[in-house]
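Report on the structure
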Amino acid sequence: MPERLEPQLETVRKTILRRNPGEAEFHQAVDEVLASLGPLLKRRPDYVESSIIERLAEPERQIIFRVPWVDDDGRVQVNRGFRVEFNSALGPYKGGLRFHPSVYLGIVKFLGFEQVFKNALTGMPIGGGKGGSDFDPKGRSDAEIMRFCQSFMTELYRHIGEYTDVPAGDIGVGGREIGFLFGQYKRITNRYEAGVLTGKGLTWGGAQARTEATGYGLVFLTERMLATQNRSFDGAKVVISGSGNVAVYAAQKVTQLGGTVVAMSDSGGYVVDERGLDIDAMRELKESRRGRISEYADEHEGARFVSEGSIWDVPCDVALPCATQNELPDDAARTLVSNGCIAVAEGANMPTTPAATALLQEAGVLFAPGKASNAGGVAVSALEMQQNASRDSWSFDHTEERLRAIMNGVFRTCEETADAYDVPGDYVRGANIAGFVKVADAMLALGVV
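The structure displayed is predicted, hence computed values, not measured ones.

1. A short note on the overall build of the protein chain
Tallying secondary structure elements over the protein chain gives 18 helices and 12 strands in all. Relative to a compact globule of 449 residues, whose C-alpha radius of gyration would be 22 Å, the protein chain shows 21 Å and is just as compact. Oriented by its inertia axes, the alpha-carbon framework of the protein chain measures out at about 60 × 55 × 40 Å. When each of the 449 residues of the protein chain is scored for burial, the buried share is 57%. Restricting the contact set of the protein chain to residue pairs at least 6 apart, pairs at least 24 apart contribute 71%. Counting every atom, the protein chain has about 17,900 Å² of accessible surface; 47% of that belongs to carbon and sulfur. When the 48 basic and 60 acidic side-chain charges of the protein chain are each reduced to a single mean position, those positions are 5 Å apart.

2. So, empty space enclosed by the protein
This structure, assessed with the given rule, holds 2 cavities of 30 Å³ or more. Considering the residues around the largest cavity, the lining is formed by Ile16, Val30, Val33, Leu34, Ile53, Leu56, Ala57, Phe113, Phe117 and Phe436. Residue assignment for the lining of the largest cavity shows that the elements contributing at least two residues are helix 2 (24-34), helix 5 (52-56) and helix 6 (105-122). With 3 residues, helix 2 is the single largest residue contributor to the lining of the largest cavity. Partitioning the lining of the largest cavity into residue classes produces 10 nonpolar, no polar and no charged. Of the volumes computed, that of the second largest cavity is approximately 30 Å³. Looking at the second largest cavity, the residues that line it are Glu32, Glu114, Glu346, Met350, Pro369, Gly370 and Lys371.

3. A few points about the packing of aromatic side chains
Under the definition given, this model contains 20 aromatic pairs. Between Phe99 and Phe135, the aromatic rings sit 6.1 Å apart at their centres with planes inclined by 85 degrees, giving edge-to-face as the arrangement. Of the two residues, Phe99 is situated in strand 3 (residues 93-99) and Phe135 in the loop between strand 4 (128-133) and helix 7 (142-156); the sequence distance between them amounts to 36 residues. The two residues Phe99 and Phe135 agree in class, both being buried.

4. Considerations on the sheet that holds strand 9 (residues 304-306)
The strand order 9-8-7-6-10-11-12 describes an open sheet built from 7 strands, whose pairing is mixed. Each having just a single partner strand, strand 9 and strand 12 (366-368) make up the two edges of the open sheet. On average, each strand axis in the sheet is tilted by 15 degrees relative to the strand beside it, whichever way the strands run. Pairing of strand 10 (residues 318-321) with strand 11 (residues 343-345), which is carried by 2 bridges, proceeds in the parallel orientation. Residue Ala319 lies in a different strand from strand 11, and its bridge partner there is Val344.

5. Overview of the environment of Ile16
Tracing the backbone through its elements, the reader meets Ile16 in helix 1 (residues 7-19). Taking the relative accessible area as the measure of exposure, Ile16 reaches 6% and is therefore buried. Along the backbone, Ile16 and Tyr104 are 88 residues apart, and their C-alpha atoms lie at a distance of 18 Å. Excluding its chain neighbours within four sequence positions, the residues that come into contact with Ile16 are Phe26, Val30 and Ala57.

6. Let's talk about the packing of helix 9 (residues 213-227) against helix 17 (residues 396-420)
Two numbers describe a pair of packed helices, the interaxial angle and the distance between the axes. Look at helix 9 against helix 17: their axes get within 9 Å of each other, and the N-to-C directions meet at 45 degrees. What the angle tells us is that helix 9 and helix 17 run oblique. In this structure, helix 9 meets helix 17 at a crossing whose hand is right-handed. Across the interface between the two elements, Ala213, Tyr216, Gly217, Phe220, Leu221, Glu223, Arg224 and Met225 of helix 9 pack against Phe396, Glu400, Leu403, Arg404, Met407, Asn408, Val410, Phe411, Arg412 and Glu415 of helix 17. Its residues placed into classes, the contact of helix 9 with helix 17 shows 10 nonpolar, 2 polar and 6 charged.

7. Observations regarding the sheet that holds strand 5 (residues 165-168)
Ordered in space as 1-2-4-3-5, the 5 strands form an open sheet in which the pairing is mixed. Two strands bound the open sheet, and with one partner strand each, they are strand 1 (61-70) and strand 5. Between one strand and the next, the sheet's axes are offset by a mean angle of 20 degrees, whatever the strand orientation. The strands touched by helix 7 are strand 1, strand 2 (76-87), strand 3, strand 4 and strand 5; relative to strand 1, the strand with the most contacts, the crossing angle is about 145 degrees.

8. Some points on unusual backbone geometry
Within the chain, Asn326 stands out as a residue other than glycine whose phi angle is a positive 60 degrees. A relative accessible area of 31% means that Asn326 is categorised as partly exposed. Residues other than glycine seldom take positive phi values, yet Asp422 does so here, at roughly 60 degrees. Topologically, Asp422 is positioned in the loop between helix 17 and helix 18 (427-446). Of the residues examined, Asp422 reaches a relative accessible area of 65% and is grouped as exposed.

Cut-offs used in this document
Residues numbered from 1 in each chain as written. Predicted model: local features only at pLDDT ≥ 70, side-chain atom pairs only at ≥ 80, totals over all residues. Heavy atoms only, no water. Helix = DSSP H or I, 4+ residues; strand = E, 2+ residues; numbered from the N terminus. Rg over C-alpha atoms; globule rule 2.2 N^0.38 Å. Buried < 20%, exposed > 50% of the residue type's maximum accessible area, 1.4 Å probe, protein only. Contact = heavy atoms within 4.5 Å. Areas by Shrake-Rupley, 256 points an atom, 1.4 Å probe, with all protein chains shown as cover. Lys, Arg positive; Asp, Glu negative; His and termini not counted. Charge placed at Lys NZ, Arg CZ, Asp CG, Glu CD. 1 Å grid on protein atoms, 1.4 Å probe; cavity = no way out; pocket = protein on both sides within 12 Å on 5 of 7 lines; lining within 4 Å. Points joined across faces, edges and corners; volume = space filled by probe spheres on them. Nonpolar A, V, L, I, M, F, W, Y, C, P; charged D, E, K, R; others polar. Phe/Tyr/Trp six-rings, centres within 6.5 Å; stacked < 30°, edge-to-face > 60°. Pairing = 2+ DSSP bridges. Axes fitted to C-alpha atoms, helices over the stretch in contact; angles between N-to-C directions. Parallel < 35°, antiparallel > 145°, perpendicular 65-115°, else oblique. Left-handed = near helix turned anticlockwise from the far one by under 90°.

Right under this line is the structure:
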């Protein structure tokens, strides 16, 4: 529970928790935003009078559906699909699809709620939403994944569209899954509506740099944050949790900027090499071979695999949590502080627990919240939508420069907002207040809808 909420915010909080029981991740996301809004509401009492917080915390639509499919052995499997269309005040709903056994309504709502503010911070005309399924693609054949995706889209197609809701990928949903989903959408609708999904292949409507975007954007924003203390990635030791899309491309950009990535992880443990990991080899292992990170240590002399403990035990200058929510608890934060870490930036959605965030900020560690630092993926998704709408295709370098400019703008917005509300350097409050104001003002302009 957030400390010392304003009475009116505490009343709102209790109402939200009562209406959304058992959804711990959603509660946590709401608490983080509410904890930032006290100073804002003193300046903008019209938000209270218009019940903007209550309206913003209630999704516009919550869609839950059955996903039946047949596995390779001929057995019928049944999963549950979700799409939470949270807020469309700024544009069509935009947010990824997550395929993972942990997915349930509370996870999807937390992700959608975060997405609303993240998308607002990019400055792009997109609302926020999220979706997914408790389907686990791990260990499934391509044919099984295709049949699942086709069944999933057979229901989802009626709820999405380039002017309504534009899904993308997330955990468990990469280029392969987006291809199967788009193929089924095209088949059902008889329309080549390229802008209905982002993260597409480059030969059929995708954007250059989309694969790299979240990881690159994370590093661009962290670079700006480090610069406030006259620091950079050059010569820095960096620990990155995860080894999926975000982590791999964050590691690639860190290396390009002169940093040394000394540890990465997956669900089986983490691998350490003080001399620096071979990021090209890691990418080949994870993207092409779909192997386990333990195999990296088997193949590289000097690297060691650790199956127990925490990756945050590895000393570093910069920590980039890029795996999943609540992966960095307060004891790990204490270890990072004692080991001299100077900056933490979230590549995943809400990977740092509230207690850990508070501890890092109190210790003077630079901290960037995910709704700002991992906005690069959705930013380039919006650029992909622009290219689809204009039947255009941009170069990698042009798209990367647009991404860098957007992330610089996100950081500048967080920094200036924190200064304006007398909490300089508090990028959590800066991000929450700036994102909230943009969405809230649009909602006021559109009336009670």
